[in-house]
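Here is what each chain is made of, one letter per residue.
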Amino acid sequence: VLIALGQAALAVGGIYLVGRLLLRPLFRLVAGTGSPELFMAAALFVVIATGAAAAAASLSMALGAFVAGLLLAETEYRRAIETTLEPFKGLLLGVFFFSVGMGVDPALVWRHPVLVLAGAAALVVLKALIVVCLARLWRQPAPVAIEAALLLAPGGEFAFIGVAAATAIDLVPPTTAAILLTMVSVSMASLPALAGIGRRLGERLRRRPDGTPAPPPEPPPGDDQARALVIGYGRVGRLIGEMLGRHGIAWLAIDSAPAVAGRAREGGAPVYYGDVANPLFLDRCGIAHASAVVVTVDAPAAADAIVAAVRQRRPDVTIVARARDADHARHLYAIGVTDTVPETVEASLQLAEAALVDLGIPMGLVIASIHERRDEYRAELRAAADAAPTAAAPVERRSPARRRTPR
C-alpha cells in the first residue's frame, strides 16, 4: 500500500510540475497562431496526455484529467478553454452517464428496497456529518455549514468510476457493485429535495431574535461575479483597472494578446485571454451580471465587433468605449454605446486645460469650463449619431504612414 501511495504521489507531483512549467508557454504559442482549431486540439491534447500519464502510473485516467483541469484553471487561458470545449461538454457528459447508467439496475430497488434505501440514507448522513464538521472547523457559520453539507451529501460521479475500477480488478463482486451503484444513484436523485431542505434550514437558522429573516451574507466577488469588464489590457486598460480597484469595484479584464494576458496574470491582475466577440466567451466572463463594460481597444473594427457582441448579450448594460476620433465616436454612439471618449478630442481638451492654467486662469474655472465643453461635445456627437445612425461607418480608413496611437 505504501509503495502504491508513493507511486501515486510521484505521478501526481510529476504531472503538476510539468504542467506548471509547460502549460503557459504551450498555450501562449498556440494562441499566438490565432487558430481556434489548433487551440482546441491543444486543450484536448493536454487532457488526454495527462490522463495517459496517470494511467501509465497505475492511476485512473480520470484523476489525471482532473489534475489537468485544475492546472488549466489557474492560467489566463481558462475561460477561452472553457468556451472552446463547451460544445463537447454536454455530449461527453451524456456519454459518460449513459455508459455508467447501464450498470445501474433499477430492479434492485424493488428486490432489495430496505438495503438500497438504507445504504443511500447512510451515505447521505455520513457525508453530511463530515462536511458539517469540516465547515465548522474552518469557522463557517452554522447555516452555511448545513446548506453545504446537504448539497454535498449525495454520491458523485467519481463513485461510478471507483466502483467500476474495483469491479474490473475483482476487488468488489459484480452483485455488490450493482447494489453500490444503485445506492449512489438513489442518493444523487435526492439532491433537489436535500437542496430545498438545506435552504429552508439555513433560512430558519439565520432568523433574527424577533423572528424576521436576516439577509444572507453577500459573498465576495469572484472571477465569475465581476461587476465591470475591461476589454483590452494595454496602457489604457491597466489604468482603468487600477482606478476601479482604488474605488473598490470588482473587475475582470480580457485581452486577445496572449503575451499581454500572461504578463498581467504574472503580476496578479485578473486578466484572461480570449475572443470577446464570441458570445459564449462573454458568458464565461460574467456578462450576465456585469454592471459595466469598458472597451479600450484602439482598432475601430475590433471595437465595433465587441460592442455588437456585448449588446447582443446585454442590451441594458453600460458600455463605455474608446474612440479614435469624432467620426468613430459618432459611429459608436450609433451602434449602441452608452458613452465614448474620442482620443483626439480628449487630448485637445487636456491641452486647453494646461494652457488656460498656465495663462493664470483659476483652476476651478478651468475645470468647470473643460467639463462644460466636454458635455457639449458629447451631446453634439450623440445628436449627430441619432440624426444619421446608418450613415456612420467603421473608421479604419487610415493612411499607413500615419502613426497609430499605442495601447
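Residues numbered from 1 in each chain as written. Predicted model: local features only at pLDDT ≥ 70, side-chain atom pairs only at ≥ 80, totals over all residues. Heavy atoms only, no water.

*Asks:* In this structure, what is going on with a nonpolar patch on the surface? I would like to understand it.
*Replies:* Taken together, the side chains of Leu126, Ile130, Leu134, Leu137 and Trp138 present a nonpolar region at the surface, about 580 Å² in accessible area. Its place among the elements puts tryptophan 138 in the loop between helix H6 (113-137) and helix H7 (142-152). (Patch = residues over 30% accessible without salt bridge, like charges linked within 9 Å, V, L, I, M, F, W, Y side chains within 5 Å. Areas by Shrake-Rupley, 256 points an atom, 1.4 Å probe, with all protein chains shown as cover. Salt bridge = Lys/Arg side-chain N within 4 Å of Asp/Glu carboxyl O. Helix = DSSP H or I, 4+ residues; strand = E, 2+ residues; numbered from the N terminus.)

*Asks:* Is there a simple way to explain the packing of aromatic side chains in this structure?
*Replies:* One pass over the structure, following the stated rule, counts 6 aromatic pairs. Joined through ring pairs, the aromatic side chains of Phe27, Phe39, Tyr77 and Tyr273 make up one cluster. The ring of tyrosine 272 carries arginine 79 above its face, with NZ or CZ at 4.6 Å from the centroid. (Phe/Tyr/Trp six-rings, centres within 6.5 Å; stacked < 30°, edge-to-face > 60°. Lys NZ or Arg CZ within 6 Å of the ring centre and 35° of its normal.)

*Asks:* Help me understand H6, please; the structure alone is not making it clear to me.
*Replies:* Side chains of residues three or four places apart in an α-helix project in the same direction, reflecting 3.6 residues per turn. For H6, spanning 25 residues, the distance from its first C-alpha to its last is 36 Å, which sits close to the expected 36 Å at 1.5 Å a residue. For H6, every residue scored as buried is listed here: Val116, Gly119, Ala120, Val124, Ala128, Val131 and Ala135. Of the surrounding secondary structure, the elements contacted by the buried residues of H6 are helix H5 (107-111), H7, helix H9 (174-189) and helix H10 (191-205). Remark: arginine 139 follows H6 within two positions and exhibits a positive phi of approximately 60 degrees. (Expected span 1.5 Å × (residues − 1). Buried < 20%, exposed > 50% of the residue type's maximum accessible area, 1.4 Å probe, protein only. Contact = heavy atoms within 4.5 Å.)

*Asks:* Mind showing me how you'd approach the pairing of strand S2 (residues 251-255) here?
*Replies:* Two faces, one strand: in a regular strand the side chains alternate between the faces of the sheet. Within S2, 5 of the 5 residues are buried, which leaves it mostly tucked inside the rest of the structure. Burial of the side chains of S2 extends over both faces: Trp251, Ala253 and Asp255 are buried on one face and Leu252 and Ile254 on the other. Each parallel crossover has a hand, and for strand S1 (residues 228-231) linked through helix H11 (residues 235-246) to S2 it is right-handed. Judged from the 3 bridges that link them, S2 and strand S3 (residues 271-273) form a sheet pairing that is parallel. When the sheet's bridge partners are listed, isoleucine 254 is paired in S3 with tyrosine 272. Following the chain from S2 across helix H12 (residues 258-266) to the adjacent parallel S3, one finds a crossover that is right-handed. (Right-handed = clockwise from strand over helix to strand, strands pointing away. Pairing = 2+ DSSP bridges.)

*Asks:* What exactly am I supposed to notice about helix H15 (residues 326-335) here?
*Replies:* For H15, the complete set of buried residues consists of Ala326, His328, Ala329, His331, Leu332 and Tyr333. Following H15 by one or two positions, glycine 336 has its phi on the positive side, about 120 degrees.

*Asks:* How should the side chain of threonine 75 be read in this particular structure?
*Replies:* Its location among the elements puts threonine 75 in the loop between helix H3 (61-73) and helix H4 (78-101). Overall, the relative accessible area of 4% leaves threonine 75 in the buried class. Excluding anything up to four places from it in sequence, threonine 75 contacts Arg24, Arg265 and Tyr272.

*Asks:* How do you make sense of the pattern of salt bridges when you look at a structure like this?
*Replies:* Think of it this way: side chains of opposite charge can pair up when their charged atoms draw near. One pass over the full model with this rule turns up 10 salt bridges. Notably, a salt bridge pairs glutamate 266 with arginine 28, separated by 4.0 Å at the nearest N-O pair. Taken together, the residues span a long stretch of sequence, with glutamate 266 in helix H12 and arginine 28 in helix H1 (residues 2-32) at a distance of 238 residues. Taking the relative accessible area as the measure of exposure, arginine 28 reaches 31% and is therefore partly exposed.

*Asks:* Looking at this structure, how should I read the nonpolar core?
*Replies:* Within soluble globular proteins, side chains that are nonpolar tend to cluster in buried spots. Ranked by internal contacts, the top residues of the largest apolar core, which has 58 residues, are Phe27, Phe39, Val293 and Val295. Once you skip the residues sitting within four places of it in the chain, valine 293 turns out to touch Leu229, Ile231, Ile287, Val310, Val317, Thr318, Ile319 and Val320. With 8 residues, the next largest nonpolar core counts Val163, Ala166, Val172 and Ala177 among its residues. (Core = buried A, V, L, I, M, F, W, Y, C linked by side-chain atoms within 4.5 Å.)

*Asks:* Would you mind going over the sheet that holds strand S6 (residues 339-342) with me for this structure?
*Replies:* Here 6 strands make up an open sheet; going across it, the order is S3-S2-S1-S4-S5-S6 and the pairing parallel. Looking at which strands have only one partner, the edges of the open sheet turn out to be S3 and S6. Averaged over all pairs of adjacent strands, the angle between strand axes in this sheet comes to 20 degrees, irrespective of strand direction. Relative to the sheet, H11 contacts S1, S2, strand S4 (292-295) and strand S5 (318-323), its axis offset from that of S1 by approximately 165 degrees. (Axes fitted to C-alpha atoms, helices over the stretch in contact; angles between N-to-C directions.)

*Asks:* Looking at this model, I keep getting lost on a positive patch on the surface. Mind explaining?
*Replies:* A surface patch of positive charge is lined by Arg199, Arg200, Arg204 and Arg207. Note on placement: arginine 200 falls in helix H10. By relative accessible area, arginine 200 is classed as exposed at 54%. (Lys, Arg positive; Asp, Glu negative; His and termini not counted. Charge placed at Lys NZ, Arg CZ, Asp CG, Glu CD.)

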